[in-house]
Amino acid sequence: MLGSVSEFVFPKFLTIGSFTTAVFKDGALVFLGLFILCTSAQIQIKTIGKTIKIGGTLLLLKFILGSVIGLLVAHFWGYAGLLGISPLALLAAMSNANVGVYASLAEEFGTQDEVNATSIVAINEGPLMVFLALGASGLASIPMMQFVAICTPILVGLILGNLDADFRTFLAKGQQLLVPFFAFPLGTALDLGDLFKGGVGGIIIGLLNILITGGISFLICRQLFKKHLPNNVMG
């Protein structure tokens, strides 16, 4: 929110160049990638099953629910969509996840298992899952290099953390340190003016996200993990 407000009040300041722009405007992916690497390093092979279960459940629920809604709209209303909302817009908005927001909430309120699951949820960052859904329906090709690019920091962190306990301890510090550094530039990408420009379509997409992909995912995750994750930040 602070990044979004800063961009709205001082729209030109963060683009003056050099370190200011690199850290506060363009650094989101760098800091987020480092955060994912540090988080992956905390996953021990002997407990990796729980991390995959939590992250995989979130990933699949978001992907499946969002894809079903988008493809159903395409099937019944065609590419024109429903109420001015195209199937592609629905698919992209409802099947994608903001891993930065999840990471921030997990770090603040979740358990270590939920924090570790960030590395799995990160697979849903960007257009990869959207292209998977479109590829499954025959509407687009699946970008495998995008998948490799997302998974590389996860694998590097996993290897380093299990190769040497000192690496795991050293990289653990990055989990808390990096959160504000990727959260701020992510916020600058949010234009507060778009809240008003989105109109009815934007409100509908937001409500569908909250009620369907968010609400259903929360109910399922609460039933699956309530014994292990009392705070259940995944909702």
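Residues numbered from 1 in each chain as written. Predicted model: local features only at pLDDT ≥ 70, side-chain atom pairs only at ≥ 80, totals over all residues. Heavy atoms only, no water.

**Q** Help me understand a nonpolar patch on the surface, please; the structure alone is not making it clear to me.
**A** A contiguous nonpolar surface patch, about 800 Å² in accessible area, is contributed by L60, I64, V68, L72, F76, W77, L82 and L83. With respect to the helices, strands and loops of the structure, L60 is situated in helix α4 (residues 48–77). The exposure class assigned to L60 is partly exposed, which follows from its relative accessible area of 47%. (Patch = residues over 30% accessible without salt bridge, like charges linked within 9 Å, V, L, I, M, F, W, Y side chains within 5 Å. Areas by Shrake-Rupley, 256 points an atom, 1.4 Å probe, with all protein chains shown as cover. Salt bridge = Lys/Arg side-chain N within 4 Å of Asp/Glu carboxyl O. Helix = DSSP H or I, 4+ residues; strand = E, 2+ residues; numbered from the N terminus. Buried < 20%, exposed > 50% of the residue type's maximum accessible area, 1.4 Å probe, protein only.)

**Q** Can you walk me through helix α11 (residues 165–177) in this structure?
**A** Given 3.6 residues per turn, any residue in an α-helix points the same way as the ones three and four places further on. Within α11 the residues assigned to the buried category are R168, L171, G174 and Q175. Along the axis of α11, the buried residues cluster in a sector spanning 110°; they form a single face. Structural note: α11 exposes D166, T169, F170, K173, Q176 and L177 on the side pointing more than 90 degrees away from its buried face. Tucked into the core, α11 has its buried residues touching α3 (28–40), α6 (99–109), α7 (112–116), α10 (144–163) and α12 (179–188). (Arc of directions from axis to C-beta. Contact = heavy atoms within 4.5 Å.)

**Q** Can you help me understand the side chain of T57 in this one?
**A** Within the secondary structure, T57 is located in helix α4. Setting aside its immediate chain neighbours within four residues, T57 contacts I52, C221, L224 and F225.

**Q** Explain the nonpolar core to me, please; I cannot follow it from the model alone.
**A** Generally speaking, nonpolar side chains in soluble globular proteins are found buried as a group. Of all hydrophobic cores here, the largest spans 31 residues; its most connected members are F35, Y102, I123 and F182. Of all the elements in the fold, those that place two or more residues in this core are α3, α4, α6, α8 (118–121), α10, α12 and α14 (199–225). It is α3 that provides the largest number of residues to this core, a total of six residues. Membership of the second largest hydrophobic core comes to six residues, among which are V73, I85, L90 and I212. (Core = buried A, V, L, I, M, F, W, Y, C linked by side-chain atoms within 4.5 Å.)

**Q** What am I meant to see in the environment of I220 here?
**A** With respect to the helices and strands, the residue I220 is situated in helix α14. With relative accessibility at 33%, the residue I220 sits in the partly exposed group.

**Q** Is there a simple way to think about the packing of α3 against α12 in this case?
**A** When two helices pack together, you describe them by how their axes are tilted relative to each other and by the distance separating the axes. Here α3 crosses α12 at 145°, and the two axes come no closer than 8 Å. The two elements α3 and α12 meet at a crossing, and its hand is left-handed. Contacts between α3 and α12 involve A28, F31, L32 and F35 on the former and, on the latter, V179, F181, F182, P185 and L186. Among the residues making up the contact of α3 with α12, the classes are represented as nine nonpolar, no polar and no charged. (Axes fitted to C-alpha atoms, helices over the stretch in contact; angles between N-to-C directions. Left-handed = near helix turned anticlockwise from the far one by under 90°. Nonpolar A, V, L, I, M, F, W, Y, C, P; charged D, E, K, R; others polar.)

**Q** Can you walk me through the UniProt feature "transmembrane region" (unreviewed entry) in the chain in this structure?
**A** UniProt feature "transmembrane region" (unreviewed entry): in the numbering of this structure it lies at residues 13–38, 59–79, 145–165, 177–196 and 202–221. Taken end to end, residues 145–165 is 95% helix and 0% strand, and its first and last C-alpha atoms sit 31 Å apart. (UniProt positions renumbered as here; feature names shortened; annotations may be inferred.)

**Q** Even after reading the chapter, I still don't get the packing of α6 against α12, so can you show me in this structure?
**A** At their nearest, the axes of α6 and α12 sit 10 Å apart, and the two run at 145° to each other. The two elements α6 and α12 meet at a crossing, and its hand is left-handed. Contacts from G100, A103, S104 and E107 in α6 reach V179, F182, A183 and L186 in α12. Taken together, the residues of the contact of α6 with α12 break down into five nonpolar, two polar and one charged.

**Q** Is there a simple way to explain the pattern of salt bridges in this structure?
**A** Between side chains of opposite charge, a pair can form when the charged atoms approach closely. One pass over the structure, following the stated rule, counts one salt bridge. The salt bridge involving D113 is made with K50; its shortest N-O contact spans 3.7 Å. Placement of the pair is D113 in helix α7 and K50 in helix α4, with a sequence separation of 63 residues. K50 sits in the partly exposed class, given a relative accessible area of 39%.

**Q** Mind showing me how you'd approach the packing of aromatic side chains here?
**A** For any two aromatic rings, the description comes down to two numbers: the centre-to-centre distance and the angle of the planes. For the coordinates displayed, the defined rule picks out four aromatic pairs. Plain terms: the ring middles of F24 and F184 are 5.7 Å apart, the flat faces sit at 75° to each other, and that makes the pair edge-to-face. With F24 in helix α2 (residues 18–24) and F184 in helix α12, this residue pair connects regions lying 160 residues apart in the sequence. (Phe/Tyr/Trp six-rings, centres within 6.5 Å; stacked < 30°, edge-to-face > 60°.)

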